[in-house]
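# Survey of secondary and tertiary structure
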Amino acid sequence: MGLDRDLYGTTDQQGENGIEMEVPGADRVAFSGPMSGPLSGPLSGPLNKRGGRRSAKFNVPETSTSSGGAEDGYVEITLDVRDDSVAVHSIKAAGQDMEDPEMTLLAKDLEKKTSFGSSMMRNASARIKQVSQELRRLASVTKRTSHPTGMLDRNKSGAHHALVGLKFIAKTTGSAEWNKVAQNFDEFAENGLLPRACFGQCIGMKDSKEFAGELYDALARRRNISAPGITKSELKEFWEQISDQSFDSRLQTFFDMVDKNADGRITEEEVKEVIMLSASANKLSKLKEQAEEYAALIMEELDPNNLGYIEVQSLETLLLQGPGEAIKPGNSTQMLSQMLSQKLGHTQMRNPIQRWWQKTQYFVEDNWKRVWILLLWFSIVAGLFAWKFIQYKHRAVYHVMGYCVCTAKGAAETLKFNMALILLPVCRNTITWLRNKTKLGVAVPFDDNLNFHKVIATAIAIGVGLHAGAHLTCDFPRLLHATDAEYEPMKPFFGDERPPDYWWFVKGVEGVTGIIMVVLMAIAFVLATPWFRRNRLNLPKFMKKLTGFNAFWYSHHLFVIVYALLIVHGIKLYLSHKWYKKTTWMYLAIPVLIYGAERIVRAFRSGYKSVKMIKVAIYPGNVLALQMSKPQGFKYKSGQYMFVNCPAVSQFEWHPFSITSAPGDSYLSVHIRTLGDWTRTLKTVFSEVCEPPMGGKSGLLRADLMQGENNPRFPRLLIDGPYGAPAQDYKKYDVLLLVGLGIGATPFISIVKDIVDNMKQKDEEDDIENGGKQKKKSFNTSRAYFYWVTREQGSFEWFKGVMNEVAESDQKGVIELHNYCTSVYEEGDARSALIAMLQALNHAKNGVDIVSGTRVKTHFAKPNWRKVFKGVALKHPNKTVGVFYCGAAGLVAELKQLSLDFTRKTNTRFDFHKENF
C-alpha cells in the first residue's frame, strides 16, 4: 500500500519537542509536533502509489532527566520509507560525523521491527506513528553520561529482550529440522493429511499436545483451513511461521492463538482460556484454579479504560518489558565476566606426559584425604597377606598343599582385619563425636564413611573367594591325594588316619561354619546392591518381597550370626591349636565392643527420647511433615539428621531423615517423602488421625495437638540422633552455595533458618552496650545462596512459611533465595510467555510469586549451573565458598566438576560437599 498523501497536511507549528523532516530530492520542509502524536507533515516531491525509496531525517530533542527536562542536544535519525513499512537507516547525535555505538544499537533494535506493521497497520502513516512512539520511548536514554541512573542499557532494551521470547520451537537449524518434521508427517499422515491431534508430536511438542492443538487452530484460522487435516505443503507454511525468527511474526502467531474469533481484540474470557492453556502445558495446577483472577489482573493492566478488550499493541507493550537490571557495556563487572569466560575455556596440553601429570596433580589435590586413607588401609591389608603367606611357606604344610595354603591363610588374615574394620564406618555416634569434638576431620573424610564401608565389603568378598576357593579346590584335594610320607607331618593337625574323603572336610565344624557364613554373606551382599535395594529389577510379583529396602535392612542383620560363626570358625582351626595363634577374636574384640555399645546407647536413647507429636501435615507431592517436641538435652546442628522409628509401622526399622527445624526452635521437625513401603505406611498411619483443614486449604491435611478431650491419638514415634552430616560444617565458610534437589532441600531449610536466627541474635548483641556480656562469635557466614530445584509446583508448599520468613526478615540481603520449577518451560518459550507476564505483574502488585505462592520469585526450567558459579566467583574474589548439595546422584558430577574448574582457574575456592539419598 502506498503512502496516503491526504494525511500529510501543511503546518508551520513549531514546538519545543519538535521534529524536523527532510526528504532528499525535494525542498526542505520543517515540521514540529509532539512525539506522542502521529508523525505527520508535508512530504514534498512526487510519491508513486506503490512508493519508491524515500528517506527522512528527524531531529529528535534529547531531554536530560537530571536537568529537569532542559534541552540538551539533538539526535539525527534517518528512516527508509518503502510502501507500507519503515526501516531505520541510522541514528547519530547531531554534529557527529561517525555514528555512536549506542545509537547503532538503538537503530538495530528498531530495524528488527519491520514485518508486523504491514499485517496490522493498513497504511504507512500508522506504521510511522508506531516507530515514532518507539523512538519517543527510547530517545530519553540514548545519552548515558546525562542519565547515569535508572536507565536500561540498549543491549538490554525491550526490543532486544523480546527477540529471545515467544519462541514456539526451541531450536531451528534450517532444512535439517524441517526434514525431521517432514519425516514425522510421513509417519503420522492419514490419506495425505496430518490430523490436528498429531500436529504437536509432528513438530516436536509431544509433551504439550493441548497447546500444540491451539497453535494449529490459530495457524489454520489465518489461512481459512477448515479441513480435518493439513497437507505437507500447508505444514511447511505452518513450520515457516512458527520458526520465524522475527519477534513481530511470533507476536502475531501468539495473538492469533488468544484471539480465537479473529476480530483483532482479546477479551477477558479469551485471556482466561489462554492462561489455563499455559498452566496446563507447564503443569501448574494451582494456576488453573486462579485463572479468572489472573485474567482480571491482565485486563486491569492492559485495559485501563475498561473497553472490555485489549489489542495487540497493548500485549506487545507488556511483552517488551526488559529485565529489571542491566550491566552497562564496558563496565568492570562485564569485563571481568568476559575475562573469566575466556579463562574457563577448555585448554589442552599437547604433550601427553604433561597432560597426565596435570591430571594426577589435580586428582591428588582433590582427593588427598581419600588417597592417604586408602593407601594406609591397602598397605595394612597387603602387609597382613604377605606376612601370613611367607609364614606358611616355611611350614611343613607347604610341601603338601603348596601355594594354595599360603594363599588361603593370607586371605584369611585380611578377612579377620576387614571383618573387624567394616564395623567402624557404621558406628555413627562415634563418627559424630569424632567430627564434632576433634580436629580429625581435617585429614579424615568422615563424609565418605559409607563408601569406605562398601570398599571394605568388596575386599571381604574377594578375600572369601580366595580363602574358600583355595581350600575347596586345591588344599583338600591335594591332602587327600598326598603320599604317606607327605602326610606324615600332617598327623598332628588332621589325625593319625588320613581323612577318608572330601565330605570329611565339609561336615566338620570348620566346613559347616564356613559354608553357612559364605551363604549368609552372599545374601546380604546381593540384596545390598542398588539393583535389589532400589527395586531396579523387573522380577515376578511373588519375588518382589525379596527386594527393596526391607530386604536389605533385615538381610544386613544376618551379620550377628556371621560374627558368631566367625569366632567359632576361628577357634576350630585345622592347622593352629595354640590359643594365642587363634587371633580372630583379637581382631574383632574392640570393634565389636564399640559397635555393641553403640547399639545399646541407641536402644536406650531412642526409648528415652520418645517424643510427643505437635503437628502433622501432608503436603502435595506425597510429603509428610512431622513436628514433634524436642527431648530435653537433644542438641544438634543444622544440616544433621536423625533416625525415626514408628512401632505402628515396624518395631525394628529405623530410617534417617534430615532435621528441618533450626537449633533455636523449640520443636523438632522432619519432612518425609513417601518413596518406599515404610514411608507409604507411615503416611497412611498418620493420615488416619488427621482431619481436613479449615479455611478452604484444599490438598493439605493438618492436625494440631490442642488441649481438650478431642485430641487425636498420634502413633508413637521414637527418634535417635542427632548424627553428623556434610552440611553441618557450613558455619566455617564465609560464603555458602546451597543446592537442594526436590526433597534434598531439607538440610538447607534448617541452615537457612539458623542463619536468620543468628542474624537476629547478632543484631541483638550489637545493641548491647560495651559493658554487657558478649557471646563468643562462632558464626562466620556473611552470604548464602540457596538454589532449590523441583519438578512440581506443589513442592513449594513444603517450606512456604520458611521462604516468606527469610524474605521478610533478611533486611540486609544475606540470603539469596532462588526457586526453580523445572515443569515450566524455559524463559523465551511461547508456552511460558504468559506465565512470565503474570508473574511479573502479580509480583509487582502483590509481592507474591504466582508459581511458588511465596515472596521468592520462581525461575523457569533448570538453572545454568556454570553461570551460577561464575556469578558467585565474580562477587566473592579471594574467598572460599562452601558448596553443599543434597539430592539425587545425577547432579553430583556436574557440580563437583564446576567446583574444581572454578577453584583451579579463578582466585575463588569452591569446596564441594554432597549428600545423596
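Described in the following lines is the structure provided in the data block.

### As for the packing of aromatic side chains
Here the structure, examined in full by the defined rule, presents 25 aromatic pairs. Summarising the aromatic geometry, the rings of Phe385 and Phe389 are spaced 6.0 Å apart at their centres and angled 25 degrees between planes, so their arrangement reads as stacked. Here Phe389 and Phe385 lie together in helix H15 (residues 352-393), a separation of four residues that amounts to about one turn. With a centroid separation of 5.4 Å and an interplanar angle of 55 degrees, the aromatic rings of Trp788 and Phe799 are classed as tilted.

### Observations concerning helix H33 (residues 892-905)
Counted at 1.5 Å a residue, the expected span for H33 with its 14 residues is 20 Å, and the 20 Å between its end C-alpha atoms agrees. Residues of H33 that are buried include every one of Val892, Leu895, Leu898, Ser899, Leu900, Asp901, Phe902 and Thr903, and no others.

### Re the state of the cysteines
A full pass over the atoms with the stated rule returns one disulfide. The disulfide partner of Cys404 is Cys474, and the S-S distance across this bridge is 1.7 Å. Between Cys404 and Cys474 the sulfur-sulfur dihedral comes to about 65 degrees; the bridge is accordingly right-handed. Of this pair, Cys404 sits in helix H17 (residues 403-421) while Cys474 sits in helix H19 (residues 449-480), and the two are 70 residues apart along the sequence. Owing to a relative accessible area of 15%, Cys474 belongs among the buried residues under this scheme. No disulfide involves Cys198; its sulfur sits 8.3 Å from that of Cys202, the nearest cysteine.

### Digging into the environment of Gly469
Residue placement: Gly469 occurs in helix H19. Taking the relative accessible area as the measure of exposure, Gly469 reaches 24% and is therefore partly exposed. Sequence separation between Gly469 and Ala408 is 61 residues; the distance between their C-alpha atoms is 7.9 Å. Non-local contacts of Gly469, meaning those with residues more than four positions away in its chain, are made with Val464 and Cys474.

### Digging into a nonpolar patch on the surface
The grouping of Phe363, Val364, Trp368, Trp372, Leu376 and Ile380 at the surface amounts to a nonpolar patch, some 560 Å² of accessible area in total. Its location among the elements puts Leu376 in helix H15. Residue classification places Leu376 among the partly exposed positions, given a relative accessible area of 44%.

### Details of the pattern of salt bridges
Inspection of every chain in the model, using the stated rule, returns 24 salt bridges. Here Glu816 makes a salt bridge to Lys875, at a shortest N to O gap of 3.9 Å. Of this pair, Glu816 sits in strand E18 (residues 815-821) while Lys875 is found in helix H32 (residues 865-875), placing the two residues 59 residues apart along the sequence. What you see here is one network of salt bridges that share partners, running through Glu214, Lys260 and Glu273.

### Some thoughts on the nonpolar core
Grouped together as the largest cluster of nonpolar side chains are 95 residues, with contacts concentrated most on Phe199, Leu235, Phe786 and Ile815. If we ignore the near neighbours within four places in the chain, the residues touching Phe786 are Leu738, Gly740, Ala745, Phe748, Ile749, Val752, Met803, Glu816, Leu817 and His818. The next biggest cluster of nonpolar side chains, apart from the first, holds 27 residues, and it includes Trp377, Phe452, Ala459 and Tyr563.

### Overview of the sheet that holds strand E20 (residues 880-887)
Strand order in the open sheet formed by six strands is E19-E18-E17-E16-E20-E21, with parallel pairing between adjacent strands. Only two strands of the sheet have a single neighbouring strand rather than two, namely strand E19 (858-860) and strand E21 (909-916). On average, each strand axis in the sheet is tilted by 20 degrees relative to the strand beside it, whichever way the strands run. Sheet analysis places strand E17 (residues 783-790) next to E18, joined by seven bridges and oriented parallel.

So, how was this worked out
Residues numbered from 1 in each chain as written. Predicted model: local features only at pLDDT ≥ 70, side-chain atom pairs only at ≥ 80, totals over all residues. Heavy atoms only, no water. Phe/Tyr/Trp six-rings, centres within 6.5 Å; stacked < 30°, edge-to-face > 60°. Helix = DSSP H or I, 4+ residues; strand = E, 2+ residues; numbered from the N terminus. Expected span 1.5 Å × (residues − 1). Buried < 20%, exposed > 50% of the residue type's maximum accessible area, 1.4 Å probe, protein only. Disulfide = S-S within 2.5 Å. Contact = heavy atoms within 4.5 Å. Patch = residues over 30% accessible without salt bridge, like charges linked within 9 Å, V, L, I, M, F, W, Y side chains within 5 Å. Areas by Shrake-Rupley, 256 points an atom, 1.4 Å probe, with all protein chains shown as cover. Salt bridge = Lys/Arg side-chain N within 4 Å of Asp/Glu carboxyl O. Core = buried A, V, L, I, M, F, W, Y, C linked by side-chain atoms within 4.5 Å. Pairing = 2+ DSSP bridges. Axes fitted to C-alpha atoms, helices over the stretch in contact; angles between N-to-C directions.

Just geometry here; none of it tells us what the structure is for.
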